[in-house]
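Observations on the model geometry
Spelled out from the first residue to the last, the chains are:
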Amino acid sequence: MKLLTLDKVDFTGKKVFLRVDYNVVDNGEVIDEFRVRSSLPTIEYLLEHDCSIILASHNGRPDGKIVEPMSLRPVAKLLPKLLNRDVIFVDNCIGNEVDSEASYLRTGDVMLLENLRFHKGEESNNKKFAESLADLAECYVDDAFAAVHRAHASIVGVPKLLPHAAGLLLEREYNTISELMKTPAKPYTAIIGGAKISDKIEVLHELLKHVNALLIGGAMANNFLTALGNNMQSSLIEKKSLADAKKILSSAKRHNVRLLLPSDVIVAKDIEGKRGLRTTKVSELKPGEIALDLGPETMDHFNEVVAKSKTVFWNGTLGRAEVPAFAKASESLAHAMISSDAKTIVGGGDTAAYVDKANLHSHFSFVSTGGGASLELLAGKKLPGIEILMQK
Ligand code: ADP
Ligand code: 3PG
Ligand code: MG
């Protein structure tokens, strides 16, 4: 089965609903320009074909309510600078005002809708909500590779109602990652960090069937270390994932996968690292301490495995890399990957943003905007947002 790509549908002069992943705003600020820049080629393609464009995205997890710091308005301020043209912003994604603004759009106009997840119907894939979105446009393009693992209204509901195709970013990401999955050169190492624990831990069961080594860092590691009896004190843990962590530990043995966990971590008493910053063994955290990065001993072990690998996939920063004091392990891993002979793939909004900000982007074989999405694809799972875009 093949993806329906942009060249397979005649978009000339059409009003297009373009689903992008602008899940990049934190507390009113754009913290990841990489995802926004990655969406430009499809926008430009459509503009060259005399389209008008309605951009739509989720941001954060507002759970069906209006949460002002999760508004997409900061992206509407950034886009005109990148596109060199005005961008209309509407502070809702459905309703009379949006309908009327959409009806006035003419060739070359670009409009950005407010956060789709301010409405419950987005995540529940509500039919009426999808119809209201579809009514705004004549066709649909999905360029939100990073969200194709979500069966939400704007990902699977709207394309059922409109002529549709995959955008250039989604096409490139899907093709590159699925190609890698077919024949990864061995040894194949995956490094998983980050904070979306319950989301990603289940996928690790599948990933174990493909890799030779699995290195776990970030807040994800806290759950494995707790499952093994360490007291991780005030570190980020999702209790519901502890049972999964135990299962993965024994499944790794069955699959003969080398699973590495941190032996030392950098801790602090607050998440900005202002109080009590120190390096400690994972078995010796004191009350109130939070593990926020991996320690140097752990990184020596991780980097040794990376150096011997032929394929390396990394998703999830190894620490709270937004704060420089907790970006050391991620920096060390990035350099180990770059200086190895391996094919190197980095995935994830926060991970790619880190690599991008550190100016290391061009040294990797591929940097994907998708975290959960690239992980699920590599683990061999079927992704709802991809299935819907396949040629029937
Ligand atoms: P990605 O966006 O790359 O897919 P995630 O969203 O799963 O990755 O996780 C990235 C987030 O994880 C970052 O915001 C980072 O601050 C956080 N993080 C990493 N390690 C820790 C830790 N030890 N404690 C708390 N947060 C962490
Ligand atoms: C991501 O950042 O990985 C995507 O935007 C998906 O976000 P979600 O995990 O909140 O669905
Ligand atoms: Mg993230």
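So, a few notes on the structure that sits alongside this text.

Reading the values: the criteria
- Residues numbered from 1 in each chain as written.
- Chains lettered and ligands numbered in written order.
- Predicted model: local features only at pLDDT ≥ 70, side-chain atom pairs only at ≥ 80, totals over all residues.
- Heavy atoms only, no water.
- Phe/Tyr/Trp six-rings, centres within 6.5 Å; stacked < 30°, edge-to-face > 60°.
- Helix = DSSP H or I, 4+ residues; strand = E, 2+ residues; numbered from the N terminus.
- Pairing = 2+ DSSP bridges.
- Axes fitted to C-alpha atoms, helices over the stretch in contact; angles between N-to-C directions.
- Near = heavy atom within 4 Å.
- Polar contact = N/O pair within 3.5 Å; in protein donor to acceptor, adjacent residues only side chain to side chain.
- Areas by Shrake-Rupley, 256 points an atom, 1.4 Å probe, with all protein chains shown as cover.
- Nonpolar A, V, L, I, M, F, W, Y, C, P; charged D, E, K, R; others polar.
- 1 Å grid on protein atoms, 1.4 Å probe; cavity = no way out; pocket = protein on both sides within 12 Å on 5 of 7 lines; lining within 4 Å.
- Points joined across faces, edges and corners; volume = space filled by probe spheres on them.
- Salt bridge = Lys/Arg side-chain N within 4 Å of Asp/Glu carboxyl O.
- Buried < 20%, exposed > 50% of the residue type's maximum accessible area, 1.4 Å probe, protein only.
- Core = buried A, V, L, I, M, F, W, Y, C linked by side-chain atoms within 4.5 Å.
- Contact = heavy atoms within 4.5 Å.

On to the packing of aromatic side chains. Taken as a whole, this structure holds 1 aromatic pair when the rule is applied. Geometrically, the ring pair formed by Phe 17 and Tyr 140 is stacked, given 6.0 Å between the ring centres and 15 degrees between the ring planes. Taken together, the residues span a long stretch of sequence, with Phe 17 in strand β1 (residues 15-19) and Tyr 140 in strand β7 (residues 139-142) at a distance of 123 residues.

It is worth spelling out the sheet that holds strand β14 (residues 290-294) at this point. Strand order in the open sheet formed by 3 strands is β13-β12-β14, and the pairing between neighbours is antiparallel. Because the sheet does not close on itself, it has two edges, and the strands there are β13 (278-281) and β14. Across the sheet, the mean angle from the axis of one strand to that of its neighbour is 45 degrees, orientation sign disregarded. Looking at chain direction, strand β12 (residues 264-268) and β13 are connected through 4 bridges and run antiparallel. Within the sheet, the bridge partner assigned to Val 267 lies in β13 and is Arg 278.

The immediate surroundings of ligand 1 are formed by 20 residues, with Lys 200, Asn 315, Glu 322, Asp 350 and Thr 351 found nearest. Take Lys 200: an N or O atom from its side chain is 2.8 Å from an oxygen atom of ligand 1. Here Thr 351 contributes a side-chain N or O atom positioned 2.5 Å from an oxygen atom of ligand 1. Taking 580 Å² as the accessible area of ligand 1 by itself, protein coverage stands at 89%. Looking at the shell around ligand 1 element by element, the count peaks at 3 residues for helix α14 (residues 349-357). Considering only residue class, the shell around ligand 1 consists of 4 nonpolar, 11 polar and 5 charged.

We now examine empty space enclosed by the protein. Tallying each qualifying case throughout the model produces 1 cavity of 30 Å³ or more. Here the largest cavity defines a volume of roughly 60 Å³. The wall of the largest cavity is formed by Val 20, Asp 21, Tyr 22, Arg 35, Ser 39, Asp 143, Ala 144, Phe 145, Ala 146, Leu 169 and Thr 369. Considering only residue class, the lining of the largest cavity consists of 6 nonpolar, 2 polar and 3 charged.

Below, the discussion takes up the site of ligand 2. For ligand 2, the full set of nearby residues is Asp 21, Asn 23, Arg 35, His 58, Arg 61, Arg 117, Ala 146, Arg 150, Lys 196 and Asp 199. At 3.1 Å, a side-chain N or O of Arg 35 approaches an oxygen atom of ligand 2. With respect to ligand 2, the side chain of Arg 117 contributes an N or O atom lying 2.8 Å from an oxygen atom. Of the residues contributing to the shell around ligand 2, the split by class is 1 nonpolar, 2 polar and 7 charged.

Let's shift gears to the layout of surface pockets. In this model, the second largest pocket occupies a volume close to 190 Å³. Lining the second largest pocket are 13 residues, and of these Tyr 174, Leu 377, Lys 381, Lys 382 and Glu 387 lie nearest its centre. Of the residues assigned to the lining of the second largest pocket, the class counts are 7 nonpolar, 2 polar and 4 charged.

Here the focus is the pattern of salt bridges. Per the counting criterion, the structure on display carries 13 salt bridges. Residue Asp 7 is joined to Lys 8 by a salt bridge in which the shortest nitrogen-to-oxygen separation is 3.9 Å. Under the relative-accessibility criterion, Asp 7 is labelled exposed at 58%. Between Lys 127 and Glu 131 there is a salt bridge whose closest N-O contact spans 3.5 Å. Here Lys 127 pairs with Glu 131, and both are found in helix α6 (residues 127-134), just 4 residues apart, close to one helical turn. Classification of Lys 127 as exposed rests on a relative accessible area of 62%. Among the charged side chains, a network of salt bridges with common partners joins Glu 33, Arg 37 and Asp 356.

Counting residues in each nonpolar core, the largest one holds 101 residues, and the members touching the most others are Leu 113, Leu 207, Phe 224 and Trp 314. Broken down by element, the residue count for this core peaks at 6 residues, all from helix α10 (residues 218-227). Once residues within four sequence positions are removed from consideration, Leu 207 is found in contact with Ala 190, Ile 192, Leu 214, Leu 375, Leu 378 and Ala 379. Counting 31 residues, the second-largest nonpolar core is a separate cluster that includes Leu 47, Ala 76, Leu 78 and Cys 139.

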